[in-house]
Amino acid sequence: MSILLVEDEAGIVSFVQRGLESAGHQVLTASDGVDGLILAQSSDVDLVILDLGLPGLPGEEVLRRLRRRRPSVPVIVLTAKDAVSDRVANLDAGADDYTVKPFSLNELLARVRARLRTSGQERGDALAAGGVTLDFGGHVAHVDGTAITLSAREFALLAVFIRHPGQVFSRPQLLDLVWGYDFEGASNVVEVYVSQLRRKLGADRIQTVRGVGYRLNGRG
Ligand code: CA
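Residues numbered from 1 in each chain as written. Predicted model: local features only at pLDDT ≥ 70, side-chain atom pairs only at ≥ 80, totals over all residues. Heavy atoms only, no water.

Going by an unreviewed UniProt entry, the protein chain carries the name Response regulator transcription factor and comes from Nocardiopsis coralli.

This is the structure:
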């Protein structure tokens, strides 16, 4: 797999590059946001590791522009900022996962493995349940035959429900499965995204199971 590392700290670049190469990956590097964005747009890049504090173009802006051009390439953000509000802002810009500096190589490699596994499974497949079809290749959902546009995060959340129709997922489970880390403190990010999905799919597609969580209504 070909991985692009966008990072301006030479020490981190050499440490991460060595680790990725020893895990069998091909590694491209960029030390500023402008070069990083250009390289990330190549379809040869299977995954992007993106520092947020970059010269040239901030990582957040690299992510926003990259998402417009390649909505489904996995992006793992490296960040020194550990505030929940920053993380939510990055989620909305389309990051798949986070590693907070300082991090261990093993932690980063585990996240890379998880993201490559997920994107491999989702390439070109379609799944259907409860009247909803998800096309993983085109990142499009169809509800009773009508095409629905979803954001990357809405798509990921719906994919969890579609893979397990009828199964109830708790809020922490959904945070872990869709956002890939333990949220600190209270956050209503799951509720916000569930209500967005209900607006787009129809109110009864995703049911609230009081005190437990949410599930896809398989009878829809
Ligand atoms: Ca930096």
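Read on for the rest.
Broken down by element type, the protein chain carries eight helices and eleven strands. When burial is assessed residue by residue, the protein chain has 48% of its 220 residues classed as buried. Sequence-distant contacts, at least 24 apart, represent 57% of the contacts inside the protein chain between residues at least 6 apart. When the accessible area of the protein chain is evaluated, it comes to approximately 10200 Å², of which 50% is carbon and sulfur surface. (Helix = DSSP H or I, 4+ residues; strand = E, 2+ residues; numbered from the N terminus. Buried < 20%, exposed > 50% of the residue type's maximum accessible area, 1.4 Å probe, protein only. Contact = heavy atoms within 4.5 Å. Areas by Shrake-Rupley, 256 points an atom, 1.4 Å probe, with all protein chains shown as cover.)

Moving on, we get to the pairing of strand 11 (residues 213–216). Taken together, the four bridges between strand 10 (residues 206–209) and strand 11 define a ladder with antiparallel strand orientation. Bridge pairing in strand 11 places V209 opposite G213. Where strand 10 folds back on strand 11, the antiparallel hairpin that results is connected by three residues, among which G211 adopts a positive phi of roughly 80°. (Pairing = 2+ DSSP bridges.)

Before going further, it helps to spend a moment on the sheet that holds strand 5 (residues 97–100). Sheet architecture is open: five strands sit in the order 2-1-3-4-5, paired in parallel fashion. Each having just a single partner strand, strand 2 (26–30) and strand 5 make up the two edges of the open sheet. Here the average twist between neighbouring strands, direction ignored, is 20°. As paired strands, strand 1 (residues 2–6) and strand 3 (residues 47–51) are joined by four bridges and run parallel to one another. Residue pairing in the sheet places L5 in a bridge with I49 of strand 3. Those strands touched by helix 3 (residues 59–69) are strand 3 and strand 4 (75–79), and its axis lies near 155° from that of strand 3. (Axes fitted to C-alpha atoms, helices over the stretch in contact; angles between N-to-C directions.)

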